[in-house]
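These are the residues of each chain, in order.
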Amino acid sequence: MTKHVGVVYFITSIALLAVGALQSWNIALSIFNLCIISAVMALGLNIQWGYAGLFNVGIMGFTALGALTAVVVSMPKVQRAWVVASNGLILSFLSFIAVVISIVLARRLLPLTSSLRLPVTIGLLIAGYLLIGNFFLPATKQIEAIDPVISGYLGGMGLPILLSWPIAGIVTAVAGWLIGKVSLGLRGDYFAIATLGISDIIIAIIKYEEWLSRGVRNVTGIPRPVPYEIDLLDLSWFVSLTHFLGVTDINNASSIFVKLCYGVLFFVVLAIILWLSERALKSPWGRMMRAIRDNRDAAEAMGKDVKARYLQVFILGCAICGIAGAMLATLEGQFTPTSYIPLRFTFLIWVMVILGGSGNNWGAVLGGVIIWFLWVEVEPVGNWFVSIITASLPKTSFITTHLIAGTSYTRYLLMGIILLSVMRFAPRGLIPER
Amino acid sequence: MIKVSNISKNFIGIKAIDGVSFEIDQGSIIGLIGPNGAGKTTLFNIVAGHLSPSSGAVYLDGEDITFLKPHELFRKGLLRTFQIAHEFSSLTVLENLMVVPGDQFGEQLVHTWFNCAKVRKADELVRKQAKEVINFLELNQMENELAGNLSGGQKKLLELGRTMMANPKIVFLDEIGAGVSRRLLKIIAGSILRLNQQFGYTFCLIEHDMDFIARLCDMVIVMAEGRILTQGKPNEVINNEDVIEAYLGTGRKYKKVS
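For clarity, every value in this text was computed on a predicted model and none was experimentally measured. (Residues numbered from 1 in each chain as written. Chains lettered and ligands numbered in written order. Predicted model: local features only at pLDDT ≥ 70, side-chain atom pairs only at ≥ 80, totals over all residues. Heavy atoms only, no water.)

Draft legend 1. The overall build of chain A, seen in detail. Counting secondary structure elements, chain A contains 18 helices and two strands. Projected onto its principal axes, the C-alpha coordinates of chain A cover approximately 80 × 60 × 50 Å. Across chain A, the fraction of contacts at a sequence separation of at least 24, relative to all contacts at a separation of at least 6, is 81%. With the model as given, the accessible surface of chain A reaches about 20,800 Å², and the carbon-plus-sulfur share is 73%. Taking the average location of the 29 positive side-chain charges in chain A and that of its 19 negative ones, the two points are 9 Å from each other. (Helix = DSSP H or I, 4+ residues; strand = E, 2+ residues; numbered from the N terminus. Contact = heavy atoms within 4.5 Å. Areas by Shrake-Rupley, 256 points an atom, 1.4 Å probe, with all protein chains shown as cover. Lys, Arg positive; Asp, Glu negative; His and termini not counted. Charge placed at Lys NZ, Arg CZ, Asp CG, Glu CD.)

Here is the structure:
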């Protein structure tokens, strides 16, 4: 069993090294970095699906929330926006609190049997909505009006970007708690539909609340935890290092060095999360979660508080996906809400977990690495294949143009084929649970 | 110790249980029999917290437990097994048993991360207890088999074993003997008797096998169409004309079922 795991990991690393040797080390490293982030996401999903059997198809939403957190934590504050809009924001925040308190109070004061409870609550909600909107909408308008081309939002807190990773975990955990509270009452596929919808709601909010996230105009230039390539060239120790290693192309070396730094950071995060989840899985806690997954009713009858455990495991998984989202925003250096699509951030992660072996952390990590690798590498490999096949044909022939046009879609085809063949031939994944 | 007081349960359009009351004394083995659709399992589900009754109440040692959830009842020492075996299929037999004890130290995530030694120590004790139960049930050869691979009868035995891991006060067994071979049935019956006599477990069991009932039970409650038909000593009940009619139907009393 452990030998088998070693072999599969070995083959995967060979594939990455082959890309480095044949294409370029730059590409290999950037694939590697995203592989690690994917592996973290797969771990998050594995905790929910593999341990507890929670059918979460809303991973995209939590990842985007994590990325947004990275923006809010690390971007510099837009001073003018705060000056213009702080009064409105504070007033709307205060009125929000007032509304919440008044609703809670009203529901406390009115007896449970009173027929006024529902109408009063709804009335207060509507009044509260109007009141908050009264302060909030003008304030956000003002914020969005400031230099819409380069800012037009509140900016962030200007804290170090690395700090945003744990904060993203906490923010998505809170969101997961809220969403779990609402939707975990549903079972199985109903829960899945709820998460699917909620994740789209999250994306929609991020896209349209421009005062917070700049929406579809994207946030670029997120600060980096590692040096910029161009700055490296001026550092004497780096230059002497390249001399020492005998590297001639110093530009390339600096970009590889930066990617390596990212890789190390991501790898540390992955290692910590993997260690924690492995510890948890191999403990009485993990045994209890697997029991709940196998038979919810029996677990309940055997004294396990299934609802509370579902909520716990849902929060954990969401937090991990959020951390991965923050890492992704850090790596890309930008936040583009439109790039968060379910295919890339939900479906693909599911394929990773299913291919790797749900319920097995090593499997999830492996699935993350393999699937991301294929997702990126299928196109160049396909192009290479096509060029071999069509070598003897004229460049303008129908077959050549058709094949070349098709290569960029191979990845979708391939994902489907992988999913189907895994389901058919290895339904428990490459590294099964046991 | 258990007092069921005037329980009714309406599903939409159907009155599954209609004003059922009975009491179970400490240390007794009660049989609950009746034809299919009599409401026996529904009654179990209500007592064990899986369903809420439409009216009525359930008391355990004088305390109202009507609306408690299954996991809360577990803490109070009230356990149940299921008509269709509810094993944890991807866990081994040993793990199935080790899951059961409540409030295990290693069930707290923080402890699994930062207090590994103590978790392991606590788990050793649980493992020891589980092995004793496996010995008791003569499942030794199956110890490391996945529960999903067990036969139907062995799964039932495993369910009985799970209840033993919790030191319960009262156990509700839902057709523990259904679909079980004679040999295994003997083991199950023997285990129930020993648990009752040695450890003082109280049992309430749904069963269709009259020999099984006659051998184990101190008292039998007969249900039909959501009501209690009669109750009494096994021999009296089995020969009761009403009971025979309810089971077999003579076409006299139960002709008009609407």
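Let's pick the thread back up.
Draft legend 2. Seen up close, the interface of chain A and chain B. With 27 residues of chain A at the contact, the number on the chain B side is 32 residues. When the area that chain A buries against chain B is broken down by residue, the three leading residues are R279(A), R287(A) and M302(A), summing to 25%. Put simply, chain A and chain B have three salt bridges between them. Its salt-bridge partner being E95(B), residue R290(A) comes within 3.0 Å of it at the nearest N-O pair. Along the contact surface separating chain A from chain B lie 16 residue pairs in polar contact (both at pLDDT 80 or more). Per-element accounting of the side of chain A that touches chain B gives the leading share, eight residues, to helix α12 (residues 284-294) of chain A. (Buried area = accessible area lost by both parts, 1.4 Å probe. Salt bridge = Lys/Arg side-chain N within 4 Å of Asp/Glu carboxyl O. Polar contact = N/O pair within 3.5 Å; in protein donor to acceptor, adjacent residues only side chain to side chain.)

Draft legend 3. Representation of helix α2 (residues 25-51) of chain A in the model. All names here are of chain A. With 27 residues, α2 extends 36 Å from end C-alpha to end C-alpha; this agrees with the ideal 39 Å at 1.5 Å per step. Taken as a whole, α2 carries its principal kink of about 35 degrees at L45. Counting buried positions along α2 gives 22 out of 27 residues, so the element sits mostly inside the fold. Once α2 finishes, G53 follows within two positions and takes phi at roughly 75 degrees, a positive value. (Expected span 1.5 Å × (residues − 1). Bend = angle between axes of the 7 residues up to and from the residue. Buried < 20%, exposed > 50% of the residue type's maximum accessible area, 1.4 Å probe, protein only.)

Draft legend 4. Broad picture of the pattern of salt bridges. Using the criterion set out here, one finds 22 salt bridges over all chains in the structure. Residue K169(B) pairs with D61(B) through a salt bridge whose shortest N-O separation is 3.4 Å. Here the residue K169(B) occupies a position in the loop between α6 (152-164) and β7 (170-174), and D61(B) occupies one in the loop between β4 (55-60) and β5 (63-64), the gap between them amounting to 108 residues. For K169(B), a relative accessible area of 36% translates into the label partly exposed. By relative accessible area, D61(B) is classed as partly exposed at 45%. The partner of E143(B) in a salt bridge is K131(B), with the nearest N and O atoms 3.1 Å apart. Separated by twelve residues along the polypeptide, E143(B) in the loop between α5 (116-136) and α6 and K131(B) in helix α5 bring together distant segments of the chain. Its relative accessible area of 15% is what places E143(B) among the buried residues. A cluster of three or more residues bridged by salt bridges with shared partners is formed by R290(A), R293(A), D294(A), E433(A) and E95(B).

Draft legend 5. Up close: the sheet that holds β7(B). Residues and elements named next belong to chain B. Sheet architecture is open: six strands sit in the order β6-β7-β8-β3-β9-β10, paired in mixed fashion. Among the strands making up the open sheet, the edge pair consists of β6 (78-80) and β10 (227-232). Shown here is a sheet whose adjacent strand axes are inclined to one another by a mean of 15 degrees, direction ignored. Bridge analysis of strand β9 (residues 219-224) against β10 gives five bridges, and the strand direction is antiparallel. (Pairing = 2+ DSSP bridges. Axes fitted to C-alpha atoms, helices over the stretch in contact; angles between N-to-C directions.)

Draft legend 6. Summary view of the pairing of strand β3 (residues 29-33) of chain B. All names here are of chain B. Within β3, five of the five residues are buried, leaving the element largely enclosed by the surrounding structure. Relative to strand β8 (residues 202-206), β3 runs parallel, the two being bridged by four bridges. Across the sheet, the residue bridging to G31 is L205, located in β8. Sheet topology places β3 next to β9; four bridges connect them, and they run parallel. Across the sheet, the residue bridging to I33 is V222, located in β9.

Draft legend 7. Molecular detail of unusual backbone geometry. Phi is positive for D147(A), close to 40 degrees, though the residue is something other than glycine. Along the chain, D147(A) turns up in the loop between α5 (117-145) and α6 (161-183). With relative accessibility at 37%, the residue D147(A) sits in the partly exposed group. Even without being a glycine, N167(B) presents a positive backbone phi close to 45 degrees. If you trace the backbone, N167(B) turns up in the loop between α6 and β7.

Draft legend 8. Expanded view of helix α16 (residues 361-389) of chain A. End to end, α16(A) covers 40 Å across 29 residues, agreeing with the expected 42 Å (1.5 Å per residue, within 8%). Near the N-terminus of α16(A), the side chain that reaches the backbone nitrogen of W362(A), with its oxygen 2.9 Å away, is that of N360(A).

Draft legend 9. Seen up close, the domain arrangement of chain A. Residues and elements named next belong to chain A. Segmentation of chain A into domains returns domain 1 (3-77 + 155-227 + 254-425) and domain 2 (81-154). Distance between the C-alpha centres of domain 1 and domain 2: 35 Å. Taken together, the contact pairs twelve residues of domain 1 with twelve residues of domain 2. Buried area between domain 1 and domain 2, summed over both chains or domains, comes out near 970 Å², and the portion from carbon and sulfur atoms is 56%. It is G155, W211 and R214 that lose the most area in domain 1 upon contact with domain 2, and together they represent 63% of the buried surface on that side. Our count for the domain 1 to domain 2 interface comes out at zero salt bridges. Connecting domain 1 to domain 2 are seven residue pairs in polar contact (both at pLDDT 80 or more). The residue inventory of the side of domain 1 that touches domain 2, partitioned by class, reads five nonpolar, two polar and five charged. (Domains from an automatic or database assignment. Nonpolar A, V, L, I, M, F, W, Y, C, P; charged D, E, K, R; others polar.)

Draft legend 10. Representation of the packing of α2(A) against helix α14 (residues 306-332) of chain A. Residues and elements named next belong to chain A. It is the contact of α2 with α14, at a shortest axis distance of 7 Å, that shows an interaxial angle of 165 degrees. Taken together, α2 and α14 sit at an angle that is classed as roughly antiparallel. Of the two elements, α2 crosses α14, and the hand of that crossing is left-handed. Every residue of α14 that contacts α2 at N33, L34, I37, V40, M41, G44, L45, I47 and Q48 is listed here: V313, F314, L316, G317, C318, I320, C321, A324, M327, L328 and L331. Per-class residue counts for the contact of α2 with α14 are 16 nonpolar, four polar and no charged. (Parallel < 35°, antiparallel > 145°, perpendicular 65-115°, else oblique. Left-handed = near helix turned anticlockwise from the far one by under 90°.)

Draft legend 11. Main features of the sheet that holds β4(B). All names here are of chain B. In space, the four strands of this open sheet follow the order β2-β1-β4-β5, with antiparallel pairing throughout. Edge positions in the sheet fall to β2 (14-24) and β5, since each has one partner strand and no second. Examined bridge by bridge, strand β1 (residues 2-11) and β4 share five bridges and lie antiparallel to one another. Residue pairing across strands places S8 opposite S55, the latter belonging to β4.

Draft legend 12. Broad picture of the nonpolar core. Membership of the largest hydrophobic core comes to 171 residues, with the highest contact counts inside it found for F335(A), Y340(A), I192(B), F203(B), L205(B), F212(B) and L216(B). Of all the elements, α14(A) adds the most residues to this core, at 16 residues. (Core = buried A, V, L, I, M, F, W, Y, C linked by side-chain atoms within 4.5 Å.)

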